Structures are given as structure tokens and as C-alpha cells.
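Summary of structural features
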Amino acid sequence: MKQFLIIIISLFTFSYSAVYAVDLNYNPMRPRWKDFCPDGWQDAEYKEIKWYWPYSVRQTQEELNFWALKRDEFEEQINKCDNLLDEFKGQCYWTVKSKFRNDFEDHKLEEEAKKIFNKGIDDNIYRNPRPIMINIIPNH
């Protein structure tokens, strides 16, 4: 019975430590992609946009392409920071964070401006359709 109790305690201790394992390489200063990218866009895939795709599909793919390219750029910058000496990593990570925050804020403003512009065009087309005049009476 004593051996059984020791086995149970050791299994419990091992399973507890395995579940709550600590990543020794974790750096709280190191930015993560999921901290910047909006939900649902983290795993965006880049695809060439085809001219025959419907407008809404092209818009969505443009957004996916933007996030896919930014993710690649982000990972490249972070890898460069990871290769620096420890005393320079913090500054490098901070630079990457600020650059991407600014880029994403600019992108958000551009997208809002596009929506407002497109809304104005749509409203103008539907409110003020341009008549087409056809001369059906021949000139003699």
C-alpha cells in the first residue's frame, strides 16, 4: 500500500509539472503576432487576386494579402531582433512594436477612408443615375 501511495503521488507531481511547464526562453519583451493582428486574420494566406473574382471576394483577399505580407515582415524583423545580443533585444523589440502599431493604425484609417469614399460613390450612383439618351428619330 505504501508503494502504491508513492507511485500515485509521484504521478500527480509529474503530471502537474508537465502541465505547468515553464518556457525558459520566454521573453516578455518579445512581441507576438497575435498581439497585433485582429482576430481571424492571424493565419491569412497570400493569394494572387484574379480579375474575374466578384468585388467583395477581391476586397477580402486584398485584406488577407495585407495581413499575410505584414506577418512575414513582422516575423523577419523579430528574427533579426532574436539574433542580437541580449542588451540590444529590448530596444529592437520596442522598435518593432512601435513600427507595426503605427503601420496598423495607418491601415485602419485607410480602410475607414475607403469605406467612406465607396459609400459616397454608391450613394451617388443610386441617388443620381445618369440618363442615357438615344436618338430614335433619324435626321432627314
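Up top you'll find the structure we're talking about.
We now turn to the structure provided with this report. (Residues numbered from 1 in each chain as written. Predicted model: local features only at pLDDT ≥ 70, side-chain atom pairs only at ≥ 80, totals over all residues. Heavy atoms only, no water.)

1. Some words on the packing of aromatic side chains
Scanning the entire structure with this criterion turns up 11 aromatic pairs. Ring centres 6.4 Å apart and planes at 75 degrees place the aromatic pair Phe66 and Phe104 in the edge-to-face group. A residue pair is termed long-range when its members are at least 10 positions apart, and Phe66 in helix H3 (residues 55-82) and Phe104 in helix H4 (residues 86-127) qualify at 38 residues. The class of Phe104 is buried, set by a relative accessible area of 9%. The ring of Phe100 has Lys99 lying over it, and the distance from NZ or CZ to the ring centre is 4.9 Å. (Phe/Tyr/Trp six-rings, centres within 6.5 Å; stacked < 30°, edge-to-face > 60°. Helix = DSSP H or I, 4+ residues; strand = E, 2+ residues; numbered from the N terminus. Buried < 20%, exposed > 50% of the residue type's maximum accessible area, 1.4 Å probe, protein only. Lys NZ or Arg CZ within 6 Å of the ring centre and 35° of its normal.)

2. Remarks on the side chain of Glu63
Assignment of secondary structure puts Glu63 in helix H3. Buried and without a salt bridge, Glu63 has Lys114 as its closest oppositely charged side chain, separated by 6.5 Å. (Lys, Arg positive; Asp, Glu negative; His and termini not counted. Salt bridge = Lys/Arg side-chain N within 4 Å of Asp/Glu carboxyl O.)

3. Quick look at the pattern of salt bridges
A side chain with one charge may pair with a side chain of the opposite charge, provided their charged atoms come close. Tallied over the entire structure, the rule returns 9 salt bridges. Here Asp82 and Arg30 are joined by a salt bridge, their closest N and O atoms 2.8 Å apart. With a gap of 52 residues between them, Asp82 in helix H3 and Arg30 in the loop between helix H1 (2-19) and helix H2 (33-36) connect regions that are remote in the sequence. Its relative accessible area of 24% is what places Asp82 among the partly exposed residues. Here Lys89 makes a salt bridge to Asp86, at a shortest N to O gap of 3.4 Å. Placement of the pair is Lys89 and Asp86 together in helix H4, with a separation of 3 residues, close to one helical turn. With relative accessibility at 17%, the residue Lys89 sits in the buried group. Salt bridges sharing partners connect three or more residues here, namely Lys70, Glu73, Lys99 and Asp103.

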